[in-house]
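# Residue-level structure breakdown
Residues per chain, in single letters:
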Amino acid sequence: MTETIIRVCMGPGGIAAGGADVLAAFQSGLADAQVSATIENRCTMHKVGCLGLCAKDVLVDIIRNGDKKTYELVTPDMAGRIITEHVIGGTPVAEWLVKDDYHAFHAKQVKVVLSDCGAVDPESIDSYIAAGGYAAVRAVLTSMTRKDVIDLIKNSGLRGRGGAGFPTGVKWENCSNVDADTKYIICNADEGDPGAFMDRAALEGNPHAVLEGMLIGAYAIGARIGYVYVRAEYPLAVERLNLAIRQAAEHGFLGENILGSGFGFTLRIKLGAGAFVCGEETALIASIEGERGMPRPKPPFPVYKGLWGKPTVINNVETLANVPYIIRNGADWFASYGTEKSKGTKVFSLTGKVRNTGLIEVPMGITLREIIHEIGGGIENGRRFKAVQTGGPSGGCIPASMIDLNVDYESLSKAGSIVGSGGMIVLDEDDCMVSVAKYFLQFTQAESCGKCVPCRVGTKRLLEIMERITNGNGQESDLDLLVKLGNDIRQTSLCGLGMTAPNPVLSTIKYFRDEYEAHIRDKKCPAKVCKNLLTFSVIAAACKGCGACLRACPAGAVSGEKKKLHTIDQTRCVKCGACFDACKFKAIAKD
Amino acid sequence: MISLTIDGKPVSVQEGSSVLDAARSAGIPIPTLCHHPKLSAFGGCRLCIVRIEGIPRPVTSCTTPAAEGMVVTTASPEITALRKTVLELILSDHPNDCMVCEGAGTCTLQEYAYAFGLRDNPYPGERRQYEACDANPFIERDMEKCIACGRCVKVCDEIQGVAAINFTYRGFKTKICPAFERELDCEFCGQCVQVCPTGALTGKQWARTARTLDVQKVRTVCGYCGVGCEVLLHVQNNRIIRVSAPDDGWNEGWLCVKGRFGYRFVDSPDRLTEPLIRKDGVLQPASWDEALQLVADKLTAIKTQHGPDTIGGLSSARCTTEENYLFQKLMRAAIGTNNVDHCARL
Ligand SMILES: Cc1cc2nc3c(=O)[nH]c(=O)nc-3n(C[C@H](O)[C@H](O)[C@H](O)COP(=O)(O)O)c2cc1C
Ligand code: SF4
Ligand code: SF4
Ligand code: SF4
C-alpha cells in the first residue's frame, strides 16, 4: 500500500497564484480516481509566511512513500496527469518538476538566522526548545563567565546587522567594562527602510531566538533590564514577542535567578511610532525616554551613556538572533562562513527585476552574480541587468560591470554603497537611475528629524535639483552642484541619516553620469521613465485610425477622424501614456 | 586640567569642558548659532565644526569633550567652505527681510552672513511660509525666520521648566511651536525671546519702535520684587522701549514676565506723579506735606476712636527690604498693631 502526502503551497504567494483552485483540483481528482492521499498545506504549517520561492507558485510536493518531488507553476488542469502518472503510476511528470533554478535558489543559501523559521512553531516555546533552543543560555549561565561569552562572540567575528557593522563582541566588551549599577540592553526592531522585512521575518518566525540572544547579551554586559523597540506597524511580531516573553517567564528564562544562576533579567516592549530616524540608536533612546526621536551627538556613545544616562547596548534583531546559534555551534563554525573581515551570513530582501524575489540568507562574501543570477534566477523577461541598489535609502547603486563584487561590508563600501540592513533591489534597462536616486532621497528628506541644517535643508535642496533634472529643467552646472552639496551634507550632518542620505545620488552620478547628462543636455530619459521628458506621437505608417488613443486620452490631446491618421497636440498632452497603452497597433511612439 | 592643542596653540581647560569652550577660552573664535553657554549642547547648526586629528569626519566642537592631547584645527579652507555651505542653506530658507527685521543689528545670522560675505543664493528653492497667528499680548513669532536652532525650546525646558514649545513635524517642515500648534499660552517670561539668535522671536511691545543705534542701555535693578534681578533698560528719548537682562548679571540673563514686559507703567498717562486729595468729591493735586498730614490726622483719629487694631497695613513686594522693615515698624510702633502684611505672595 503506497502512502502519499500531497502538499499545496497556501502561503500568501501560493494563494495569490491560485493555490486554492489547485488544492480543489487535487481533491476532486483523487476522489474521481478513488485513491486516498493526505492533503496538507505546504506553507503555513508553522505560522510563518512562506520563505520559499514565491515566483514559482503554486508549488506542490508529492511525497510518495517518503520520496519527495516538487512541482512548480502548478495549475488546476495539471492535477489529473500528476495523479495518474505520479500518485498512482509512480512516475513523476518530469517536465513539470522544479528546474535547476529552483534548486539554485536554495543551494547557494546558508540559513542561520532563518534556519528555524518555519521549522519551529513561533508560538510555542516547547517547539523552540525541542529544536535546541535555550540550550545556549543554559550553557552560558551555568558554565561561562561574562568574559567567556564576550570572547566567544569576538572570536566569531559577528558584526552588527543594523547597518554600521560594528563588531558585536567589542560593543559588549566596552559596555561590560563600564562600572555601573544599572545597564540596559535594547533590541532595535524599528526596521524602517522601505522594502526591508528581514527583522520582521526573524521576529515573527522565531521570536525566542531573539529573546535568547538578548538574554545572553544582557548577561555578558551585566544588564538586568532589556527593551525591544519594535515598530507598531508589526502587530504580529509584537503579539508573538509578548507571547514569547510570557512563555519564557513561565519557563524560568526571565525573571529573578534564572536557572539558579543568580542572574535576573526583565524584558519590556516599547512600540515605535513609525519614524525612520527612530531606528538610529540615540534617537531610539530618546524615544524610549519619552522625548521626540531626535539623534543626540556621539560621544558619549550609548555603551557609556545611553538610556537614562546608563550604559546601554543596542543591537539589531538579526545580530541578536545569530547569538544563540554561535554559542551552540561555536565561534569557529560561525567564522567558517564569510570573508576575513565579514563573518557569517546575512539576510537580504531581494526585490526588483529578478525572477525569484524574497528573503534570502547568504554567506558574506558571496558575489552579486551568484545572488542575482543563481539565487535570483536572472533578470525577468530577458532584459539587460543594469545595476543593483543595496542598503536602502542610505546605500548606493552598483553597476552591472561590477557584478563580480563580493557582498560584504568592505567591498560594498569601497564600491560606494553599503550592506546596510540588507535591502537589495535589482534594476534593469527599464529603470531610470536618476529617478531611483530621487525616490530614495524623497524618503530620507521627508524622514529627516529636522535637527541639523545640512540634513533638514540640504536634502531638500538636493531633492529640488533632482526634481528639476527629471522635469527637464536641469542645468549644466547641476551635476557639480549635486556632488558638492552631497559631499558637504555627508561631511556635516549629525547622524547617519543625513550622512548617508546623498549616497544614492552620489553613487548614481559616479556610475551613471551619462544618464544624468541625457536628462540635462538632451532633455531625454534614456529609460523612458521621466514623464516630462517623454514625447508621445503617432507613427503615421502604423496608425489604422481606430480611435482607441482618442478615447483613452484624458486631456483631449488626440484628434483624428475614424479610419484616418490621428495626431497628438503636444501642447495639450499630459504625458500620461494612456494612448500608448491603448493602441493595439504599436502606432504610438514614446521617445 | 586637560591640555590640548588648538590651531597650534597649547590650551589648558577644566575637565568636562567642550572643545568649543577650550577654543573660546584661548580667544579662538568659532561661529555658533545653536550653542548657548547656559543651555545643554545641541549640535544642530553644525557651524562649530572643527577637525580633530584621528577622527575621520569634522566634528561639532560644542558637543565634543576636550581630551588630553587632542590636536584641533578650527579654521582651514575646508572647514570654512563647509560652514559657508551650512549658512547658505540656512539663508536659502530665510526671508530676505533684514531691512525691516527686528533682529537686524543683534541677529547672529546676519552677522555671519556678513562675515562670510554671502550675497548670492546657490540653492534657490521652496521657502517655508506660515501665517502669523499670535493672539498673546507679549511675544511675536515669525517662524519663517526661525532657523530651528532649538535654543528657545531648551531655555523654556531647562531654565524655565515650562516646556511650552518643542520641535514638531519632520524634515524641511520642522517647526517650533506649542503642542498641536495651539496659541502660545505659557508664563510669557520671554526667556525664549532673549536667546533667539535671529529675528524670529520679538517682544510685541518693542516691535517696530527702534533699531539699536539710537538706543541707550541703562543697567539697573528690577523694581518688581525683592529678588532684585539685574536689568538693562533700553531707553530712547528718555522713554523705556524695552527691557532685557545682561548675561553677566547675577540672574544670568533671565527675567520673569513682569521684569521683562511690565515696564509700560513708567510712562503711562494713568500713572500718579503727585499726591491727590479728594475735595468736594473731586481729586485735586496737593503737596506732599499736605497729603501726609491728612493721612496722619485720619489714622490718629481712627486709632483714638476705634483702637489700633482697626487699622491694617499692606506693603508692596516692590519695596526694598529696608522700606518694608520701616513699614512694619510704623505699623507696630507708631500705630500699635500687628495687622501688617505685603503682597509678595504671587
Ligand atoms: C537613520 C538610521 C536608521 C536606522 N535604523 C535602524 C533600524 O531600523 N534597525 C537597526 O537595527 N538599526 C538601525 N540603525 C542603526 C542603529 O543606529 C544601530 O547602529 C544599530 O541598531 C546597532 O545594532 P548592531 O550593532 O547590532 O547593528 C539606523 C541608523 C540610522 C542612522
Ligand atoms: S542628520 Fe538628519 S536625521 Fe540626523 S540629526 Fe541631522 S536632521 Fe536629524
Ligand atoms: S515665554 Fe517663557 S515660558 Fe513662554 S515659551 Fe518662552 S521661555 Fe517658555
Ligand atoms: S525661534 Fe529663535 S531660538 Fe527658537 S529655534 Fe527658532 S531661531 Fe532658535
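Bear in mind that the values here come from a model prediction, so they are computed numbers and not experimental data.

Quick look at the sheet that holds strand E1 (residues 2-6) of chain B now. Across a sheet, strands are paired by hydrogen bonds formed along the backbone, either parallel or antiparallel in direction. Residue and element names in this part refer to chain B. One open sheet accounts for five strands, arranged E2-E1-E5-E3-E4; its pairing is mixed. Two strands lie at the open edges of the sheet, namely strand E2 (9-13) and strand E4 (59-60), each paired on one side alone. Pairing of strand E3 (residues 49-52) with strand E5 (residues 71-73), which is carried by two bridges, proceeds in the antiparallel orientation. Directly across from Arg 51, in E5, lies its bridge partner Thr 73.

In terms of nonpolar packing, the biggest core is built from 101 residues, with Ile 186, Leu 482 and Tyr 516 of chain A together with Leu 33 of chain B touching the most fellow members. For this core, the element with the most residues is helix H18 (residues 453-470) of chain A, which contributes eight residues. Ranked by size, the runner-up nonpolar core spans 64 residues in total, among them Cys 187, Leu 254, Phe 263 and Val 317 of chain A.

So, on to the confidence of the model for chain B. This prediction gives chain B a mean pLDDT of 94; 99% of its residues lie at or above 70. Predicted as a complex, the structure gets a pTM of 0.89 and an ipTM equal to 0.89.

Moving on, we come to the pairing of strand E4 (residues 67-71) of chain A. Residues and elements named next belong to chain A. Two elements, strand E3 (residues 60-64) and E4, share five bridges in a ladder whose sense is antiparallel. The residue of E4 that forms the bridge with Ile 62 is Lys 69. Where E3 hands over to E4, the hairpin turn is made up of two residues, of which Asn 65 adopts a positive phi near 50°.

Residue and element names in this part refer to chain A. Counted by the stated rule, this structure contains 45 salt bridges over all chains. Linking Glu 95 and Arg 81 is a salt bridge whose minimum nitrogen-to-oxygen distance equals 3.2 Å. Here Glu 95 is found in the loop between helix H3 (79-88) and helix H4 (100-107), whereas its partner Arg 81 is found in helix H3, with 14 residues between them in sequence. Overall, the relative accessible area of 47% leaves Glu 95 in the partly exposed class.

We now examine the interface of chain A and chain B. Every contact between the two is made by 32 residues of chain A and, on the other side, 33 residues of chain B. The contact between chain A and chain B buries some 2,800 Å² in all, and 56% of this surface belongs to carbon and sulfur atoms. Looking only at chain A, the three residues that lose the most surface to chain B are Arg 292, Arg 461 and Gln 491 of chain A, adding up to 22% of its buried area. Here Glu 126 of chain B makes a salt bridge to Lys 460 of chain A, at a shortest N to O gap of 2.7 Å. Summed over the shared surface of chain A and chain B, the number is 20 residue pairs in polar contact (both at pLDDT 80 or more). It is H18 of chain A that contributes the most residues to the side of chain A that touches chain B, eight residues altogether. When the residues that make up the side of chain A that touches chain B are grouped by side-chain class, the tally is 14 nonpolar, eight polar and ten charged.

Procedures and definitions
Residues numbered from 1 in each chain as written. Chains lettered and ligands numbered in written order. Predicted model: local features only at pLDDT ≥ 70, side-chain atom pairs only at ≥ 80, totals over all residues. Heavy atoms only, no water. Pairing = 2+ DSSP bridges. Helix = DSSP H or I, 4+ residues; strand = E, 2+ residues; numbered from the N terminus. Core = buried A, V, L, I, M, F, W, Y, C linked by side-chain atoms within 4.5 Å. Buried < 20%, exposed > 50% of the residue type's maximum accessible area, 1.4 Å probe, protein only. pLDDT = per-residue confidence, 0-100. Salt bridge = Lys/Arg side-chain N within 4 Å of Asp/Glu carboxyl O. Contact = heavy atoms within 4.5 Å. Buried area = accessible area lost by both parts, 1.4 Å probe. Polar contact = N/O pair within 3.5 Å; in protein donor to acceptor, adjacent residues only side chain to side chain. Nonpolar A, V, L, I, M, F, W, Y, C, P; charged D, E, K, R; others polar.

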